[in-house]
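Chain residues, written in single-letter form:
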Amino acid sequence: MTRDEARNKIIFALDVNGLEEIDRFAGLLSGKVGMFKVGKELFTSCGPEAVRTVQRHGGQVFLDLKYHDIPNTVAKAMLEAARLGVQLANLHALGGAEMMETAATAVRKEFGDQRPRLLAVTILTSSTEETLRGVGIDHPIRDMVVRLAKLAQNAGMDGVVASPLEIELIRAACGPDFLIVTPGVRPSFASLDDQKRIMTPAEAVSAGADYLVIGRPIAKDADPAVAAELISSEIVEGRP
Ligand code: C5P
């Protein structure tokens with residue numbers, strides 16, 4: 001893998017506050033990471049300007065708003081995400097086949113090959129089997145993850161967001177072309193923070209991840225650009 005291919009696999013989680021911080025990180029990291037993830041907190045406080053600030057630095061955006069609503073509402077929200085010019089956007093697979101299909105069809109119809117790639121969240125990694133039982137789901141998490149990934153694929157979604165430990169299972173069930181985006185990644189030089197079931201960047205890529213979502217190991221480093229470059233070196237070298 002080339003250095004640029006490795007850089008392009010890194011999605012920096014913009015878990016920051018305010019447009020100035022976005023501006024600072026997008027400036028420091030453009031060219032060093034492939035994409036910037038804008039989530040609910042940042043989008044709720046700064047709105048579409050959060051996306052545009054990244055784009056002004058030439059950065060690509062993963063809009064992580066995890067839509068879950070009636071099909072018509074989700075499809076319209078996805079069309080707006082596509083109009084913002086983001087490269088990745090997502091929804092909850094638990095919203096069901098019709099919700100995913102309506103969104104995927106609407107976005108494909110208006111944007112064709114220029115569309116953002118649409119991802120589904122299966123089961124949040126913060127959920128346990130007890131959480132699922134509490135909402136009336138009596139199946140093991142691993143079964144639910146595979147079931148929802150296949151449902152998403154059949155509904156026209158381009159991929160899923162998944163824990164590193166679920167990559168191989170999903171790759172086997174959904175084939176080589178289905179995108180897998182994984183958080184819970186920690187390079188060898190960084191602390192675990194609150195992440196528990198982690199893989200290193202090289203391990204996640206060799207397990208089959210297309211993109212890695214990485215926040216604090218880059219954001220909290222004294223030199224974020226150097227940290228990002230160390231991560232792409234780890235990926236290129238396949239270390240450890
Ligand atoms: O700082 P860190 O690398 O742990 O950031 C990971 C990012 O991925 C955060 O934005 C976090 O909310 C997100 N995420 C996660 N685990 C999930 C889903 C999303 O860490 N299961």
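Above this text sits the structure in question.
Heads up: these notes are all about the structure in this document. (Residues numbered from 1 in each chain as written. Predicted model: local features only at pLDDT ≥ 70, side-chain atom pairs only at ≥ 80, totals over all residues. Heavy atoms only, no water.)

Turning to the site of the ligand, a few remarks are in order. Close to the ligand lie Ala-13, Asp-15, Lys-37, Thr-125, Pro-183, Arg-186, Gln-195, Val-213, Ile-214, Gly-215, Arg-216 and Pro-217. A distance of 3.1 Å is found between an oxygen atom of the ligand and a side-chain nitrogen or oxygen belonging to Lys-37. For the ligand, the protein covers 78% of the area, taking 460 Å² as the surface of the free molecule. Put simply, the parts of the chain that give the shell around the ligand at least two residues each are β8 (211-214) and α11 (216-219). The residue makeup of the shell around the ligand, split by class, is five nonpolar, three polar and four charged. (Near = heavy atom within 4 Å. Polar contact = N/O pair within 3.5 Å; in protein donor to acceptor, adjacent residues only side chain to side chain. Areas by Shrake-Rupley, 256 points an atom, 1.4 Å probe, with all protein chains shown as cover. Helix = DSSP H or I, 4+ residues; strand = E, 2+ residues; numbered from the N terminus. Nonpolar A, V, L, I, M, F, W, Y, C, P; charged D, E, K, R; others polar.)

On to the pairing of strand β3 (residues 61-67), then. The element β3 is largely enclosed, with a buried count of six among its seven residues. The pairing of strand β2 (residues 35-39) with β3 spans four bridges and is classified as parallel. From the neighbouring strand, Gly-39 faces β3, where its bridge partner is Asp-64. Taken together, the three bridges between β3 and strand β4 (residues 88-92) define a ladder with parallel strand orientation. From the neighbouring strand, Tyr-67 faces β4, where its bridge partner is Leu-91. Note that the unit made of β3, helix α5 (residues 71-83) and β4 has a crossover that is right-handed. (Buried < 20%, exposed > 50% of the residue type's maximum accessible area, 1.4 Å probe, protein only. Pairing = 2+ DSSP bridges. Right-handed = clockwise from strand over helix to strand, strands pointing away.)

What follows covers the nonpolar core. In this structure, Leu-14, Leu-63, Leu-91, Met-100, Ile-170 and Ile-218 are the most contacted members of the largest nonpolar core, which totals 69 residues. With residues near it in sequence (within four places) discarded, Ile-218 still touches Ile-10, Phe-12, Leu-29, Val-33, Pro-224, Ala-227, Ala-228 and Ile-231. Counting residues in each nonpolar core, the second largest holds 11 residues, with Ile-11, Ala-13, Met-35 and Val-213 among its members. (Core = buried A, V, L, I, M, F, W, Y, C linked by side-chain atoms within 4.5 Å. Contact = heavy atoms within 4.5 Å.)

Judged by how many residues are buried, strand β5 (residues 117-121) sits mostly within the fold: four of five residues are covered. Pairing between β4 and β5: five bridges, direction parallel. Within β5, the residue paired with Asn-90 across the bridge is Leu-119. Handedness of the crossover joining β4 and β5 through helix α6 (residues 97-111): right-handed.

This part covers the packing of helix α2 (residues 19-29) against helix α12 (residues 224-237). Contact geometry of α2 with α12 gives a least axis separation of 9 Å together with a crossing angle of 50°. Judged by the inter-axis angle, α2 sits oblique to α12. The two elements α2 and α12 cross, and the hand of that crossing is right-handed. Together, Phe-25, Leu-28 and Leu-29 of α2 and Pro-224, Ala-225 and Ala-228 of α12 make up the contact between the two elements. Broken down by class, the residue content of the contact of α2 with α12 amounts to six nonpolar, no polar and no charged. (Axes fitted to C-alpha atoms, helices over the stretch in contact; angles between N-to-C directions. Parallel < 35°, antiparallel > 145°, perpendicular 65-115°, else oblique. Left-handed = near helix turned anticlockwise from the far one by under 90°.)

Bringing the sheet that holds strand β6 (residues 159-161) into the picture now. Spatially, β1-β2-β3-β4-β5-β6-β7-β8 is the arrangement adopted by the eight strands of the closed barrel, whose pairing is parallel. The mean angle between the axes of side-by-side strands here comes to 25°, regardless of whether they run parallel or antiparallel.

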